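# Tertiary structure, described
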Amino acid sequence: MVLFMLVQRSVQIYDHERKIDPADQDDNDALDKPKAKRKLIIKSRRPEFNFYEGDVYPKFETIPLVTRGWHHRDSRGDHFTIYPMTNQNEETVQTKFNFSDLELNQTVLKNLEEQNKVHPTLIQKKGIPKILRGESVVMTAETGSGKTYAYLIPLIQQLLDWKPYNENNFNKPLGLILTPSRELTQQISKVARQLCKGLDIKIGTLVGGHLKQRISNPHIGEVDLLIATSGVLDRLVATRIYKLDNVRHVVVDEADTLLDSTFIDETCRILKKINTDTLTRVVTGNQHQINVPQKFLRVGKSDKPMMLLKHLKSKIKNKTPIIIFCNNTATCDFTKIFLKQFNVDSVNLHGKMPLEVRKGRFLKFQNGEVNILTTTDAGSRGLDTIYAKEIINFDFPLITAEYIHRCGRLGRIGSPMECRVLNFISGGLEIVMSAKIEFAVRKMHPIPMVDLIHDGKSEGGEFLKHTTTVEGNDYDEDDIESEENSESFVVPH
């Protein structure tokens, strides 16, 4: 039995941005290659807060933070940009090693060549041999590094070896891939079918919807590889429509999500029906790092729409593909309507839409019919795009994992070489989250894993004691509103 668990937590990278729009104001040189001999890590509007590679703060000295003064109303308009701390070239394709060196099926190799995939990435080079040897693996790497191929290639090879010994495969798969979302399930299914072209491997895909109909009138058919969301599979296994007795290889994609409080019960019920072995860890060593130039801009809540419009006006002329993230459906719809009033074409996408509608709107963005996509966190996981060049966090996320997945839509294999992230920081816990990221970068540490939605009152308050000083009536009203409403946030899915 092989168990493969996939953890996707990192922000992909590219070195710098080539064009700056007028909305960036004092940041005109922030995304240009620094002229200093030492590598510039943090570029602040106030030069005294600049931070260079090799800078070290005394152990007992207070670390200067740009965000420390952002709870003051006069801080609006302040900003800083974080550059990659790691060398992008460390994670490039391993050109000295070919897929043909892995003794794979010739048809699989041919299908890889048709997709222009001859050399594996670092995570593929490290992970594929271990999985082929039958080891159970926990694989951790940055988004867009080729993890889907890293587990699909050996899985398909093993299915070819096991299939002759499987006498009855009616609704009894040999391989199982669990995912938390419909979009990710469809994406993996598409890649799997490309790799299995010309092979006698039956692939089944299960996503939510019409569940009662599926139970009352179940589909029975041959399936070698089943790709499913955990919720629907849990129900269909409980009703014995699908049986996991023959499963020899299971993949838990987005394991950090499937093992959190939202999905943990159904995931565990499924895994209990499958015998698993001890796990081997495979990592690239580049997780939780700031790897795309990222600008943090302090704005007031009421100023965000016009700031967004001003920023987009210069990008529209260049047809720059941009994804705008919001924290909830209402803001996502508002952003689209607001942009439409100013003749800015965009499409919106969120979890309350039917799957086919979401797929159609995302396809418009992918094909270049529309260059601006507004979405919630439904678009931060499972949307495999190499088209986007910029991410704008209209609403800044209060969970680190969501921030990482949003930024992970950039810098993927095949993405443009010039990508950037722009974050609107409007107060309260958003400032706390920004301060934690800035603090970690100045200490040359990975991004801290924080959940300010669940722990915002305690952790945010404690952090504020050490990072802010508020006097008189200068406390920003946006901060007061954010802290008062901190307990009313809903966990995004």
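What counts, and at which threshold
- Residues numbered from 1 in each chain as written.
- Predicted model: local features only at pLDDT ≥ 70, side-chain atom pairs only at ≥ 80, totals over all residues.
- Heavy atoms only, no water.
- Helix = DSSP H or I, 4+ residues; strand = E, 2+ residues; numbered from the N terminus.
- Buried < 20%, exposed > 50% of the residue type's maximum accessible area, 1.4 Å probe, protein only.
- UniProt positions renumbered as here; feature names shortened; annotations may be inferred.
- Contact = heavy atoms within 4.5 Å.
- Pairing = 2+ DSSP bridges.
- Core = buried A, V, L, I, M, F, W, Y, C linked by side-chain atoms within 4.5 Å.
- Salt bridge = Lys/Arg side-chain N within 4 Å of Asp/Glu carboxyl O.
- pLDDT = per-residue confidence, 0-100.
- Phe/Tyr/Trp six-rings, centres within 6.5 Å; stacked < 30°, edge-to-face > 60°.
- Lys NZ or Arg CZ within 6 Å of the ring centre and 35° of its normal.

### Looking at the overall build of the chain
When its secondary structure is counted, the chain shows 15 helices and 16 strands. Here the chain holds 493 residues, and 58% of them are scored as buried.

### Section: the UniProt feature "domain: DEAD-box RNA helicase Q" (unreviewed entry) in the chain
In this structure's numbering, the residues bearing the UniProt feature "domain: DEAD-box RNA helicase Q" (unreviewed entry) are residues 97-125. Along residues 97-125 one finds 45% helix and 0% strand; the C-alpha atoms at either end are 8 Å apart.

### Details of the environment of Val 347
Among the structural elements, Val 347 can be located in strand S13 (residues 347-349). Along the backbone, Val 347 and Thr 375 are 28 residues apart, and their C-alpha atoms lie at a distance of 8.5 Å. Not counting residues up to four positions away in its chain, the partners in contact with Val 347 are Lys 336, Arg 361, Lys 364, Val 370, Ile 372, Leu 373 and Thr 374.

### A word on unusual backbone geometry
For Lys 319, which is not a glycine, the phi torsion comes out positive at approximately 55°. Checked against the element boundaries, Lys 319 lands in the loop between helix H9 (304-318) and strand S12 (322-325). Residue classification places Lys 319 among the exposed positions, given a relative accessible area of 60%. With a phi angle near 60°, Met 444 is a residue other than glycine that sits in the positive phi range. Checked against the element boundaries, Met 444 lands in the loop between helix H13 (429-442) and helix H14 (452-467).

### Some words on the side chain of Thr 229
Turning to its location among the elements, Thr 229 is positioned in strand S8 (residues 225-229). Exposure remark for Thr 229: the relative accessible area of 8% places this residue in the buried category. Ignoring sequence-local partners within four residues, the contact set of Thr 229 consists of Thr 179, Ser 181, Arg 182, Thr 185, Leu 206, Val 207 and Gly 208.

### Observations regarding the pairing of strand S9 (residues 249-252)
Residue alternation in S9 divides its side chains into two sets, His 249 and Val 251 and Val 250 and Val 252, and both sets are buried. Two elements, strand S6 (residues 175-179) and S9, share four bridges in a ladder whose sense is parallel. When the bridges of S9 are listed, Leu 176 appears paired with Val 250.

### Looking at the nonpolar core
One finds Phe 296 and Ile 437 to be the most contacted residues of the largest nonpolar core, which totals 42 residues. If you list the elements that add at least two residues to this core, you get strand S2 (40-44), strand S4 (79-82), S12, S13, helix H11 (355-366), helix H12 (400-407), strand S16 (420-425) and H13. The element that contributes the greatest number of residues to this core is H13, accounting for six residues. Residue contacts for Phe 296: discarding those within four places in its chain leaves Trp 70, Asp 78, His 79, Phe 80, Ile 82, Phe 396, Tyr 403, Asn 423, Ile 425, Ser 434 and Ile 437. Listed in part, the 36 residues of the second largest apolar core include Ile 128, Ala 150, Leu 155 and Cys 196.

### Topic: the pattern of salt bridges
According to the stated counting rule, one finds 16 salt bridges in the structure shown. For Lys 163, the salt bridge is made with Asp 224, and the minimal N-O distance between the two is 2.9 Å. Of this pair, Lys 163 sits in the loop between helix H3 (147-162) and S6 while Asp 224 is found in the loop between helix H5 (211-216) and S8, placing the two residues 61 residues apart along the sequence. One salt-bridge network, held together by shared partners, links Asp 200, Lys 202 and Glu 222.

### Some thoughts on the confidence of the model for the chain
Put simply, the chain has an average pLDDT of 79, and 76% of its residues get 70 or more. Here residues 88-92 scores under 50 on pLDDT; set against residues more than four positions off or in separate chains, the count is ten contacts. Segment residues 480-493: pLDDT under 50, and 23 contacts once partners within four positions in sequence are set aside and those in other chains are kept.

### Some details on the packing of aromatic side chains
As enumerated under the stated definition, the model contains eight aromatic pairs in all. Ring centres of Phe 394 and Phe 424 lie 6.2 Å apart, and the angle between their planes is 65°; this geometry places the pair in the edge-to-face category. With Phe 394 in the loop between strand S15 (390-393) and H12 and Phe 424 in strand S16, this residue pair connects regions lying 30 residues apart in the sequence. Taken individually, Phe 394 and Phe 424 each receive the classification buried, so the pair is uniform in this respect. The ring of Trp 162 carries the charged tip of Arg 248 above its face, separated from the ring centre by 4.6 Å. Taking NZ or CZ as reference, Lys 304 lies 4.7 Å from the ring centre of Phe 394, over its face.

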